[in-house]
Amino acid sequence: MSVFSRLISYSRKRSPWVFRVNAGSCNGCDIEITPCFSPRYDGEQIGALMQGSPKHADILLISGPITLRTKEIVKDIYQQIPSPKAVIALGSCPASGNVFSGSPTIVGSAEAVVPVDLYVPGCPPRPQQILEAIQLAAKMLEKGETHSQKEAHYG
Amino acid sequence: MDNWWLRALFSIFIWPGLLCGALFGWLLLWINRKSLAQLQGRQGPPFFQPFFDFWKLIGKKTIIPVGVSWAIFYSLPIISLFSIVFALAILPVPWGGAISFEGDLVLFIYLLEMPALIDILAGYATRSVYAQVGSTREALLTIAYNLPFLSGLIALALRLKTFQLSVFTSAPISIATVITALALFIALLAQLKVNPFSIPNAEQEIVAGIHVEYNGLPLALFELAHALEVSTLAGLIAILFLGAITAPWLKLVIFIFISILIIVLVSIIGAGTARLKVQHAFRFYWTWGLIAAVLVFMASLAL
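Here's a quick rundown of the structure. This structure is a prediction, so every number in the text was calculated from the model and none was measured.

What follows concerns a nonpolar patch on the surface. All names here are of chain B. Residues Leu9, Phe10, Phe13, Ile14, Leu19, Leu23, Ile78, Phe82 and Phe86 make up a contiguous nonpolar surface patch of about 800 Å² in total accessible area. Sorting the residues of the nonpolar patch by element identifies helix 1 (2-13), helix 2 (18-39) and helix 4 (70-90) as the ones contributing at least two each. Along the chain, Phe13 falls in helix 1. Residue class for Phe13 comes out partly exposed when judged on its relative accessible area of 38%.

Here it is in structure tokens:
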């Protein structure tokens with residue numbers, strides 16, 4: 001049994017499938033995600049794949065300062081991803097609100113909506129950093145360090 | 001009697017069935033993804049990628065959509081997997097062929113059709129709009145690609161005057177065999193849902209097609225069934241060319257070589273073409289497929 005559970009947790013590290021959601025971003029971060037899967041950076045080398053359906057994903061990439069309109073959508077998409085799952089907040093917007101800070105139309109912090117596991121700094125972050133974050137999140141999934149796994153463990 | 005049961009179970013679960021079929025299917029899927037990546041100027045996935053994808057999906061929690069019966073949700077991939085395992089067990093590979101009888105070609109074709117039918121059912125059963133669009137397209141394509149596929153196999157059966165698959169492997173290579181292989185290859189592109197005919201699972205267009213709502217263990221079983229389907233369909237073309245060889249080792253090497261060659265050809269076609277609309281794919285199969293069917297009947301009856 002333990003052989004199988006070790007095999008499964010090792011496979012989590014080697015096969016992170018990604019779903020991205022734009023929560024009111026200016027598109028800067030989203031444009032930086034696409035080169036991650038292009039010939040230059042090629043995320044498939046670390047097993048990462050872009051998935052169209054949140055039901056197939058392991059990692060949720062959030063870009064943008066969660067606007068009031070997208071708040072419920074982000075929550076809904078997070079719940080649709082089968083656990084174990086990791087959340088990566090891309091860029092300055094989901095961390096602090098960035099230039100939109102103080103606006104009445106944004107939540108301003110992704111942490112207030114879904115449990116964020118990793119932040120990627122930058123406005124926008126570079127593709128190398130995004131790929132590094134995906135790899136780090138995959139390692140967290142392997143060790144059981146993401147919020148979704150810890151909550152399942154304690155709850 | 002006992003001996004036959006043991007050999008049948010061996011060919012269902014180990015060689016050429018579940019275990020070796022899955023490993024060979026994962027190898028072929030990796031070759032497909034790697035050569036596609038190389039053609040696009042990318043590095044491509046590591047060697048064990050399909051294996052890791054499968055085990056990761058096994059370890060995920062399964063979410064059953066609201067309003068879908070769990071019995072249907074779980075039973076569809078299991079039926080799909082087992083029908084393709086039995087189809088692979090019938091395939092007369094070197095050292096295989098424990099289950100062989102007059103008329104096993106009919107059973108083989110029936111079992112090969114099951115994954116497509118299950119896919120159509122799965123798309124409708126999961127109540128997603130995208131999956132239903134995918135199901136409709138899959139159903140249309142099934143009518144289209146079966147023309148060259150079935151006529152190729154039936155023509156060869158007419159020529160050899162038998163419906164037994166093991167006779168197909170021992171028959172000498174002729175023009176009829178080559179044209180049958182071509183007809184099967186044309187159908188293979190749509191059966192594997194690769195690029196010019198990646199219509200039912202069109203990513204970027206209808207999200208993930210039929211399997212949109214599937215996740216966790218049932219999705220892993222569907223992926224496993226797909227890997228087995230790849231090895232069965234590539235193997236079906238490969239066994240047509242084993243007639244002239246007698247040594248089983250050489251047979252096995254040539255079987256693997258032809259399967260890999262077919263998958264590399266599929267990747268080249270996949271990388272070089274864009275997705276067709278469903279009506280264009282239908283027209284392609286009913287013109288070129290019909291020509292292939294007529295040619296294959298002429299070659300097998302006249303030559």
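Residues and elements named next belong to chain B. Taking 1.5 Å of rise per residue, the 32 residues of helix 6 (residues 129-160) would be expected to cover 46 Å, and the 46 Å separating its terminal C-alpha atoms lies within 8% of that figure. Roughly 40° is the biggest bend found in helix 6, and it falls at Asn146, with proline Pro148 one to four residues downstream. Positioned one or two residues after helix 6, Lys161 has a phi angle of 55°, which is positive.

All names here are of chain A. Each neighbour pair has its own omega, and for Ser83 with Pro84 the value is 5°, a cis peptide bond. With respect to the element layout, Pro84 can be found in the loop between helix 3 (68-80) and strand 4 (86-90). Residues Cys123 and Pro124 are joined by a peptide bond in cis, for which omega reads -5°. As for its placement among the helices and strands, Pro124 is situated in the loop between strand 5 (118-120) and helix 5 (127-143).

Below, the discussion takes up the packing of helix 8 (residues 175-191) of chain B against helix 10 (residues 248-272) of chain B. Residues and elements named next belong to chain B. Put simply, helix 8 and helix 10 touch, their axes get as near as 11 Å, and they point 60° apart. Judged by the angle between their axes, helix 8 and helix 10 are oblique. In terms of crossing hand, the pair formed by helix 8 and helix 10 is right-handed. Contact residues: Phe185, Leu188 and Leu189 in helix 8; Ile262, Leu265, Val266 and Ile269 in helix 10. Residue composition of the contact of helix 8 with helix 10, by class: seven nonpolar, no polar and no charged.

The next point concerns the sheet that holds strand 5 of chain A. The strand order across the open sheet formed by five strands is 2-1-3-4-5 (chain A), and the pairing between neighbours is parallel. Edge positions in the open sheet fall to strand 2 (49-50) and strand 5 of chain A, since each of these has one partner strand only.

Time to look at the pattern of salt bridges. Going through the model one piece at a time under the given rule, you end up with ten salt bridges over all chains. Salt-bridge contacts for Glu44(A) lead to Arg42(B); the nearest nitrogen and oxygen are separated by 2.4 Å. Residue Glu44(A) is located in the loop between helix 2 (28-33) and strand 2, and its partner Arg42(B) is located in the loop between helix 2 and helix 3 (49-58); the two belong to separate chains. Pair check on accessibility: Glu44(A) and Arg42(B) agree, each one buried. For Lys55(A), the salt bridge identified is with Glu213(B), shortest N-O distance 2.5 Å. With Lys55(A) in the loop between strand 2 and strand 3 (59-63) and Glu213(B) in the loop between helix 8 and helix 9 (216-238), this pair bridges two chains. With relative accessibility at 8%, the residue Lys55(A) sits in the buried group. Residue Glu213(B) is classed as buried on the basis of its relative accessible area, which comes to 16%. Linked by salt bridges that have partners in common, Asp42(A), Glu44(A), Arg33(B), Arg42(B) and Asp53(B) make up one network.

On to the side chain of Thr169(B). Residues and elements named next belong to chain B. As for its position among the elements, Thr169 is in helix 7 (residues 165-170). For Thr169, a relative accessible area of 9% translates into the label buried. When near neighbours in sequence (up to four residues on either side) are disregarded, Thr169 contacts Pro92, Ile239, Leu242 and Gly243.

Cut-offs and rules
- Residues numbered from 1 in each chain as written.
- Chains lettered and ligands numbered in written order.
- Predicted model: local features only at pLDDT ≥ 70, side-chain atom pairs only at ≥ 80, totals over all residues.
- Heavy atoms only, no water.
- Patch = residues over 30% accessible without salt bridge, like charges linked within 9 Å, V, L, I, M, F, W, Y side chains within 5 Å.
- Areas by Shrake-Rupley, 256 points an atom, 1.4 Å probe, with all protein chains shown as cover.
- Salt bridge = Lys/Arg side-chain N within 4 Å of Asp/Glu carboxyl O.
- Helix = DSSP H or I, 4+ residues; strand = E, 2+ residues; numbered from the N terminus.
- Buried < 20%, exposed > 50% of the residue type's maximum accessible area, 1.4 Å probe, protein only.
- Expected span 1.5 Å × (residues − 1).
- Bend = angle between axes of the 7 residues up to and from the residue.
- Axes fitted to C-alpha atoms, helices over the stretch in contact; angles between N-to-C directions.
- Parallel < 35°, antiparallel > 145°, perpendicular 65-115°, else oblique.
- Left-handed = near helix turned anticlockwise from the far one by under 90°.
- Contact = heavy atoms within 4.5 Å.
- Nonpolar A, V, L, I, M, F, W, Y, C, P; charged D, E, K, R; others polar.
- Pairing = 2+ DSSP bridges.

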